[in-house]
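Below are the chains, spelled out letter by letter.
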Amino acid sequence: MKTINILFAVNDDYVDQLKVMIYSLHQQNKGKMLAIYNLQKQLLERHQEIENFCQRLNIHYYPVVMGDDAFSDAPTTDRYPETIYYRLLAHEYLPVDLEKILYVDADILTLNGFTSLYEMDLGDSLYAAASHVADSRILDMVNKLRLKNFENESYYNTGVMLLNLVAIRQTVKREDIMTYIIENGANLILPDQDILNALYGHLTLSIPDQIYNYDARYNVLYYARSNGLWNLEWVMEHTVFLHFCGRDKPWKSDYRSRYSGLYKHYQQLVKQIEAK
């Protein structure tokens with residue numbers, strides 16, 4: 001049985017959300033081997049908590065400790081902290097025998113299986129990702145002008161990315177990323193996402209966001225885009241990753257979106273597992 005490799009990049013403050021996401025992954029991939037990798041500068045204080053939780057679910061957990069000097073040569077400011085390099089240079093720290101891995105943000109719920117995505121043939125492409133502005137030609141053009149990459153099909157959200165590690169190791173170079181930041185830092189809004197789109201957007205395969213990176217903030221827009229097809233029932237049946245983008249998060253007490261109850265249900269299930 002082939003292992004499905006999943007990549008995160010969370011610190012101690014996000015462990016509770018990580019566990020909810022891991023549990024949702026487990027629920028939608030029963031009978032499959034899952035391996036969780038988490039990028040971190042030093043071993044998290046809550047490492048044992050994560051490891052124990054994964055063991056209860058029969059999931060392999062591998063902390064990827066990069067070390068204090070991992071990005072000592074990288075330009076950093078308040079706007080560009082070291083964390084922007086984690087996803088961009090993950091291939092430098094992951095095991096060399098891994099050929100692909102699926103990166104997902106921890107503010108996501110898994111609603112359905114994703115075997116077809118994970119087994120996608122990426123060919124020579126580096127990534128597969130979804131765009132949240134696919135229907136906006138104006139925003140697409142603004143991003144192309146801002147990032148100086150007119151070959152891009154669109155502007156990709158990096159919250160869900162399938163990484164072709166074999167091709168990435170051959171193409172993505174640390175010095176190229178550093179140089180781009182130095183020369184274009186003033187134009188970057190979401191640094192790591194902007195950099196990936198600027199340098200490698202043309203080497204990214206597009207996947208549908210309503211399936212693989214549904215932005216929970218915009219359920220009304222999804223409904224309108226689909227002429228009423230992508231309603232709540234459709235999302236529950238077809239959407240794989242429900243992404244709680246933005247500042248409003250479902251674990252906060254004042255969150256009132258359509259999917260608030262769904263997230264809190266998963267939170268409660270995690271508490272029940274840990275109470276056993």
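Structure's up top.
Computed from a prediction, not measured in an experiment: that's the story for all the values here.

Undergrad: Explain the nonpolar core to me, using residue names and the numbers behind them.
TA: Ranked by size, the top nonpolar core spans 54 residues in total, and within it Phe-8, Leu-102, Phe-114 and Phe-241 carry the most contacts. Among the elements that line this core, the one with the most residues is helix H1 (residues 15-27), at seven residues. If near-sequence neighbours (up to four positions away) are discounted, Leu-102 is found in contact with Asn-5, Ile-6, Leu-7, Phe-114, Leu-117, Tyr-118, Val-160, Met-161, Leu-162 and Phe-241.

Undergrad: So, the sheet that holds strand S6 (residues 127-131): which residues are in play, and what are the values?
TA: In space, the seven strands of this open sheet follow the order S3-S2-S1-S4-S7-S6-S8, with mixed pairing throughout. Whereas interior strands pair on both sides, the edge strands pair on one side only; in this sheet they are strand S3 (60-65) and strand S8 (204-206). Each adjacent strand pair in this sheet contributes to an overall mean axis angle of 30°, direction not counted. Inspection of the sheet shows S6 paired to strand S7 (residues 156-164) by five bridges, in the antiparallel sense. In the strand pairing of S7, Ala-129 is matched with Met-161. The strands that H1 touches are strand S1 (3-8), strand S2 (33-40) and strand S4 (100-104); relative to S1, the one it contacts most, it runs at about 160°. Sheet strands in contact with helix H8 (residues 191-200) are S6, S7 and S8, and its direction is about 60° off that of S7.

Undergrad: Account for the side chain of Gln-17, with residues named and values stated.
TA: Note that Gln-17 resides in helix H1. The exposure class assigned to Gln-17 is buried, which follows from its relative accessible area of 9%. Here Gln-17 is in contact with Ala-106, Trp-251 and Tyr-263, once residues within four sequence places are set aside.

Undergrad: I'd love a proper account of unusual backbone geometry, names of residues and values included.
TA: Its identity is not glycine, yet Asn-58 carries a phi of approximately 60°, on the positive side. In this structure, Asn-227 is a non-glycine residue whose phi angle is positive, near 55°. Considering the arrangement of structural elements, one finds Asn-227 in the loop between helix H10 (219-225) and helix H11 (232-238).

Undergrad: Lay out helix H7 (residues 174-184) in plain terms, naming residues and giving numbers.
TA: Among the residues of H7, those classed as buried are Arg-174, Ile-177, Met-178, Tyr-180, Ile-181 and Asn-184. When H7 is viewed along its axis, its buried side chains cluster within an angular range of 160° and face the same direction. Residues of H7 that are exposed and angled more than 90 degrees away from the buried face: Glu-175, Ile-182 and Glu-183.

Undergrad: I'd like a description of the sheet that holds strand S5 (residues 108-110), backed by residues and values.
TA: Sheet strands associate in pairs through backbone hydrogen bonding, adopting either a parallel or an antiparallel arrangement. Across the sheet, three strands lie side by side as S5-S10-S9; this open sheet has mixed pairing. The open sheet has two free edges, formed respectively by S5 and strand S9 (214-215), since each of these has just one partner strand. Relative to strand S10 (residues 241-243), S5 is paired through three bridges, and the arrangement is antiparallel. Bridge assignment links Ile-108 to a residue of S10, and that residue is His-243.

About the thresholds
Residues numbered from 1 in each chain as written. Predicted model: local features only at pLDDT ≥ 70, side-chain atom pairs only at ≥ 80, totals over all residues. Heavy atoms only, no water. Core = buried A, V, L, I, M, F, W, Y, C linked by side-chain atoms within 4.5 Å. Buried < 20%, exposed > 50% of the residue type's maximum accessible area, 1.4 Å probe, protein only. Helix = DSSP H or I, 4+ residues; strand = E, 2+ residues; numbered from the N terminus. Contact = heavy atoms within 4.5 Å. Pairing = 2+ DSSP bridges. Axes fitted to C-alpha atoms, helices over the stretch in contact; angles between N-to-C directions. Arc of directions from axis to C-beta.

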